[in-house]
Amino acid sequence: RATSAAALAKLRPAFRADGSSTAGNSSQTSDGAAAALVMSRARARALGLQPRLTLVSYAVVGVAPAVMGIGPAAAIPVALRKANLTNDDVAVFEINEAFASQAVYCVRALGIDPAKVNPRGGAIALGHPLGATGVRMVATLIPQLAPGQYGVVSMCMGTGFGAAAVFRRDAGAPRAR
C-alpha cells in the first residue's frame, strides 16, 4: 500500500524509545525457502548443465556483536582483495539490508555507488527469509549480471560476523530480461 515520508516518520522505534529503527525502515521476517546447485565445473558439464556463476572468493570476518550490522563493510573489502578486484570492478552489490541505517552505513563506509546496490530491491522490499537469505540474494544477483561481470553478495550475522562472496557471471549463461 502507498505510504509517505510523513507516515513513516510517525512510526515508533522498534528497539529503544530514542531509536531510529522502525517497521518502516527495517526488513520484515519472511517465510521462504531456497536451494542452489553447487558443484565443480567438471561435474556440471558431466551432467549437461550450464554453470551460471563462478564463486571467485569469499570472506567471513568478525565485528563487535553490538554493531553486527556493519559486517558487510568489513567483509566486502577482504573478499574483493582476495579476488584482486576493487569496488569499480563490481557491477552489482547485493547487501542484505536488515535495517536501512545499517545498509546506508555500509554503502557509505565502502564508498560504493548506491545505484549499484540492491537495484531490484533488498530485504526491506523483498523480505528477509532467515536461513534462505543468502541463496535469495544470489538468485536476485544472477539475472542482473552480463557474462563476465562480477557481483558481490554480503550480509551481517547477529553474533558479530560479516560475510561476503564475489561471483563472476559465466560466459554462455543466458541473461534474464
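Every chain is numbered independently, its residues counted from 1 as its sequence is written. Only residues with pLDDT of at least 70 are given local features in this predicted model, and only at 80 or more are side-chain atom pairs given and counted; all residues enter the totals for whole chains, interfaces and linings. Neither water nor hydrogens contribute to the side-chain values; these are computed over all heavy atoms in the structure.

Chemist: Sorry if this is basic, but what is going on with the sheet that holds strand 2 (residues 90-95) here?
Modeler: Hydrogen bonding along the main chain pairs the strands of a sheet, whether they run parallel or antiparallel. Taken together, the four strands give an open sheet; going across it, the order is 1-4-3-2, and neighbouring strands pair in mixed fashion. The open sheet has two edge strands, strand 1 (53-62) and strand 2, and neither has a second partner. Neighbour-to-neighbour, the strand axes of this sheet turn through a mean angle of 15°, independent of strand direction. Taken together, the five bridges between strand 2 and strand 3 (residues 150-157) define a ladder with parallel strand orientation. Looking at the pairing, Ile-95 lines up with Ser-154 of strand 3. The contact definition used throughout considers only heavy atoms, calling two residues in contact when any of these lie within 4.5 Å. Angles shown run from 0 to 180 degrees and are taken between the N-to-C directions of axes, each axis being a line fitted to C-alpha atoms and, for helices, limited to the stretch in contact. Labels follow the DSSP assignment, with helices taken as runs of H or I lasting at least four residues and strands as runs of E lasting at least two, numbered in each case from the N terminus. Those strands touched by helix 6 (residues 133-141) are strand 1, strand 2, strand 3 and strand 4 (161-169), and its axis lies near 160° from that of strand 3. Pairing between strands is defined by DSSP: at least two bridges between the two strands are required.

Chemist: It is not clear to me how the nonpolar core should be interpreted in this structure. Could you clarify?
Modeler: The tendency in soluble globular proteins is for nonpolar side chains to be buried side by side. Ranked by internal contacts, the top residues of the largest apolar core, which has 20 residues, are Ile-76, Leu-80, Phe-93, Ile-112, Val-152 and Val-166. Sorting elements by how many residues they give to this core places helix 3 (residues 71-82) first, with five residues. Put simply, buried Ala, Val, Leu, Ile, Met, Phe, Trp, Tyr and Cys residues joined by side-chain atoms within 4.5 Å make one nonpolar core. Summary of the burial criterion: residues with accessible area below 20% of their type's maximum are buried, those above 50% are exposed, and those between are partly exposed, where the area comes from a 1.4 Å probe applied to protein chains only. Counting residues in each nonpolar core, the second largest holds ten residues, with Val-92, Val-138, Met-155 and Ala-165 among its members.

Chemist: It is not clear to me how the layout of surface pockets should be interpreted in this structure. Could you clarify?
Modeler: The rolling of a water-molecule-sized probe over the atoms marks out the regions of remaining empty space. Of the grid points, spaced at 1 Å and generated over the protein atoms alone, those admitting a 1.4 Å probe that cannot get out make up cavities, while open sets with protein on both sides within 12 Å along at least five of seven lines make up pockets; any residue with an atom within 4 Å of a point is treated as lining. Grid points are joined across faces, edges and corners, and a volume is the space filled by probe spheres set on the points. In this structure, the largest pocket occupies an estimated 810 Å³ of space. If you go around the largest pocket, you meet 30 residues; those closest to its centre are Ala-36, Leu-37, Val-38, Leu-53 and Phe-167. Element by element, the count of residues in the lining of the largest pocket is highest for strand 1, at six residues. Note that Gly is not counted as nonpolar here; it falls among the polar residues with everything else outside the nonpolar set of Ala, Val, Leu, Ile, Met, Phe, Trp, Tyr, Cys and Pro and the charged set of Asp, Glu, Lys and Arg. In the lining of the largest pocket, the residues fall into 23 nonpolar, five polar and two charged. Considering only enclosed or pocket space, the second largest pocket measures out at about 390 Å³ in volume. Around the second largest pocket sit 14 residues that line it, and Phe-15, Ser-21, Ala-66, Phe-99 and Ser-101 are the ones nearest its centre. Classifying every residue of the lining of the second largest pocket gives seven nonpolar, six polar and one charged.

Chemist: Any chance you could explain helix 3 here in plain terms?
Modeler: Because each turn of an α-helix spans 3.6 residues, side chains separated by three or four positions in sequence point in the same direction. End to end, helix 3 covers 17 Å across twelve residues, agreeing with the expected 16 Å (1.5 Å per residue, within 8%). By the burial criterion, the buried members of helix 3 are Gly-71, Pro-72, Ala-73, Ala-75, Ile-76, Ala-79 and Leu-80. Buried residues along helix 3 sit against strand 1, strand 2, helix 4 (100-110), strand 3 and strand 4. Here the expected span of a helix is defined as 1.5 Å times the quantity of residues minus one.

Function cannot be read off these values alone, since they describe shape.
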